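These are the residues of each chain, in order.
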Amino acid sequence: QAQLVESGGGLVQAGGSLRLSCAASSRTLSTDITAWFRQAPGKEREFVTAIRGSSSSTFYADSVKGRFTISRDNAKNTVYLQMNSLKPDDTAVYYCAACAYCVIRHSHGYPYWGQGTQVTVSS
């Protein structure tokens, strides 16, 4: 089983950057897809980005294309989310999730989740 831990959140001004990390407790994940979702207070959880281990294919929500980049370091069992040109609308708790096979953009199909890390973007 996979256990995920997010880190790297914080408070930044609009236009700034942050890099989030999602680390697995074991050296090898028994999953193929790792994704980032986010949730703001009073709003539903939404898809941000994902990466496939088998093909290295990446997927992005339209709202973050050109600003966010997902990547992985297999030696460290870690997936990263580089966030540039941050906007106040990016403010949310960011969650790392993983699955062996699922509909990539739908949160209900992911069995493994981290605890979340807060990202706050001020204007």
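This text gives an overview of the structure that appears in the document. (Residues numbered from 1 in each chain as written. Predicted model: local features only at pLDDT ≥ 70, side-chain atom pairs only at ≥ 80, totals over all residues. Heavy atoms only, no water.)

## A short note on the layout of surface pockets
Okay, so step 1: Empty space within the second largest pocket amounts to approximately 160 Å³.
Okay, so step 2: Around the second largest pocket, the lining residues are Arg 38, Gln 39, Ala 40, Lys 43, Glu 44, Glu 46, Pro 88, Asp 89, Thr 91 and Ala 92.
Okay, so step 3: Grouping the amino acids of the lining of the second largest pocket by side-chain chemistry returns three nonpolar, two polar and five charged. (1 Å grid on protein atoms, 1.4 Å probe; cavity = no way out; pocket = protein on both sides within 12 Å on 5 of 7 lines; lining within 4 Å. Points joined across faces, edges and corners; volume = space filled by probe spheres on them. Nonpolar A, V, L, I, M, F, W, Y, C, P; charged D, E, K, R; others polar.)

## Details of the state of the cysteines
Okay, so step 1: In the structure shown here, the tally under the stated rule is two disulfides.
Okay, so step 2: Paired through a disulfide, Cys 22 and Cys 96 show a sulfur-sulfur distance of 1.8 Å. Its S-S torsion of approximately -70° makes the covalent link between Cys 22 and Cys 96 left-handed. Note that Cys 22 is positioned in strand β3 (residues 18-24) and Cys 96 in strand β9 (residues 92-99), a separation of 74 residues in sequence.
Okay, so step 3: With its sulfur 2.0 Å from that of its partner, Cys 99 forms a disulfide with Cys 102. On the sign convention where negative means left-handed, the S-S torsion of about -50° between Cys 99 and Cys 102 marks this disulfide as left-handed. Comparing Cys 99 with Cys 102, the two get one shared label, buried.
Okay, so step 4: The disulfide pattern of the chain is 1-2, 3-4 when the bonded cysteines are numbered in sequence order. (Disulfide = S-S within 2.5 Å. Helix = DSSP H or I, 4+ residues; strand = E, 2+ residues; numbered from the N terminus. Buried < 20%, exposed > 50% of the residue type's maximum accessible area, 1.4 Å probe, protein only.)

## Quick notes on the sheet that holds strand β7 (residues 68-73)
Sheet strands pair by backbone hydrogen bonding; their relative direction is either parallel or antiparallel.
Okay, so step 1: Spatially, the four strands line up as an open sheet ordered β1-β3-β8-β7, and their pairing is antiparallel. Unpaired on one side and paired on the other, β1 (4-7) and β7 mark the two borders of the sheet. Going from strand to strand, the sheet's axes swing by 15° on average, the running direction of each strand aside.
Okay, so step 2: Here six bridges tie β7 to strand β8 (residues 78-83), and the two strands are oriented antiparallel to one another. In the sheet register, Ile 70 faces β8, and the bridge partner there is Leu 81. (Pairing = 2+ DSSP bridges. Axes fitted to C-alpha atoms, helices over the stretch in contact; angles between N-to-C directions.)

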